[in-house]
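Tertiary structure, described
Chain by chain, the residues:
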Amino acid sequence: QTCNCPDPIQNENGIRIPAKYYSGGLSWDNSVLTISLNGSREKLQFFNLQTHSFQNIYMNQLFPDTGDYRKQILRTFLWCPYNANKFYIETIGFYDTTGQRKQFIYDMVNSYIVDIEKNSVIRVTPKKYGKYGSRLGCGFGNWLKGSHEGLDSFYNVGQIYVPQEDKYYTAPPEYTYNNTDYFSQSPNTSHNIYSGYDGSNLIWLLDNKQVYSAQEMTHAIVASFSWSPTGDKVAIDGYPNFPNTDTVNHPSFEEVWILDAKHLLTTGEEIVTRLNFQKLFCTYSARGIGAQYLTDSTLIVSMHKDGDAISPLWEITDKGKIVRQLYP
């Protein structure tokens, strides 16, 4: 069953986009959800899905205005793959180079591992970038499986960085397929999904198998690739390709595509379930659905009704049924 839902009303500034809640990802044990409002870079909000309690962490608490450190804002967030109390953040900040508030260096990027249980913040910016960090950032896209207490590893396009040793190592071949620049590891299997471009053509690879459905999507928000807890399915958030359509008056909204990874790897047959919120629920999403698997059959997504003041987080099934409004 689908809704016959019209395109949303537009005003003089274009499509009405409400205040949006984003899912920043789930901890490795699926117990804690990171939430941000409008992609806020001033604070982190953690929602415990078991106790339904909240914890706010403000950037100015992690980095008080003392010593060399000055105002810092969030740029990247990654959950630790082995400890639900730890996470990685990349920040942009400026620093007092004299200690007298007379000379500053701006827009410097640094990396940290935060342990909220121990209330510790450890700088893991590679030493080659010096005291104040990098202009462009460290580029860590994955906190890799196999990391453990005292020995962490981060992926950075063909290389693996171990902060405890301050060393880079050449990444194994399975991390560096041609024309792919992002990959996501399955939580409980050895499989990976990759994304990249061959010219203007979007490419997905499930291990070494090409996923041809990628040709029907113009752009995938690859940072939100999400594996089901068992590693059988992958949720992909992106923009479908609708050729020969009027995208100005009838814009294409993001969809969630569910790839049956286990079936593809076992049989070679590609099965993709497309969830179009406009057709299913008469809801919309703009600037990121942020689809995250919560259970093996349900997802956390951001969506709203036309004219809503906010875009809440919802739990839906990966078959296209609403379970509940999760937050707020």
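Cut-offs used in this document
Residue numbering note: each chain is counted from 1, following its sequence as written. Per-residue local features are limited, in this predicted model, to residues with pLDDT of at least 70; the limit for side-chain atom pairs, both in listing and counting, is 80 or more; totals at the level of whole chains, interfaces and linings are taken over all residues. To obtain the side-chain values, all non-hydrogen atoms of the structure were used and water was disregarded. To sort residues, take the accessible area from a 1.4 Å probe on protein chains only and compare it with the maximum for the residue type: under 20% means buried, over 50% means exposed, and anything in between is partly exposed. Only DSSP runs of H or I covering at least 4 residues are called helices, and only runs of E covering at least 2 are called strands; the numbering of each starts at the N terminus. Two strands are said to pair when DSSP picks up at least two bridges between them. In this analysis a 1.4 Å probe is tested at points of a 1 Å grid over the protein atoms alone, and where it fits but cannot get out there is a cavity; an open set with protein on both sides within 12 Å along at least five of seven lines is a pocket; lining residues have an atom within 4 Å of a point. Grid points are joined across faces, edges and corners, and a volume is the space filled by probe spheres set on the points. As a working rule, the residues Ala, Val, Leu, Ile, Met, Phe, Trp, Tyr, Cys and Pro are called nonpolar, Asp, Glu, Lys and Arg charged, and the rest polar, with Gly in that last group. To form a nonpolar core, buried Ala, Val, Leu, Ile, Met, Phe, Trp, Tyr and Cys residues must be joined to one another through side-chain atoms within 4.5 Å. Any two residues whose heavy atoms approach within 4.5 Å at even a single point are treated as in contact.

**Digging into the pairing of strand β21 (residues 233–240)**
Buried residues dominate β21, accounting for seven of its eight residues. Pairing of strand β20 (residues 226–227) with β21 involves two bridges; the strand directions are antiparallel. Residue W227 lies in a different strand from β21, and its bridge partner there is V234. The antiparallel pairing of β20 with β21 creates a hairpin that spans five residues between the two strands, and G231 there sits at a positive phi of about 80 degrees. Strand direction decides the pairing type here: β21 and strand β22 (residues 255–260), joined by six bridges, are antiparallel. From the neighbouring strand, K233 faces β22, where its bridge partner is D260.

**Description of empty space enclosed by the protein**
Where empty space is left can be seen by rolling a probe of water-molecule size over the atoms. Within this structure, the stated rule accounts for one cavity of 30 Å³ or more. Reported here for the largest cavity is a volume of approximately 40 Å³. If you trace the largest cavity, you find it lined by F253, E254, N276, F277, Q278, T283, Y284 and S285. Of the residues that constitute the lining of the largest cavity, the class distribution is three nonpolar, four polar and one charged.

**Focus on the nonpolar core**
Ranked by internal contacts, the top residues of the largest apolar core, which has 17 residues, are L44, F46, L62, F77, F87 and I89. Elements with a minimum of two residues in this core: β5 (43–48), α1 (59–62), β7 (69–79), β8 (86–96) and β9 (104–115). If sequence neighbours within four positions are ignored, F87 has contacts with L44, F46, I57, F77, L78, W79, C80, Y112, I113, V114, I116 and W143. Core analysis: the next-biggest nonpolar cluster, separate from the first, contains 16 residues, Y182, A214, W227 and I236 among them.

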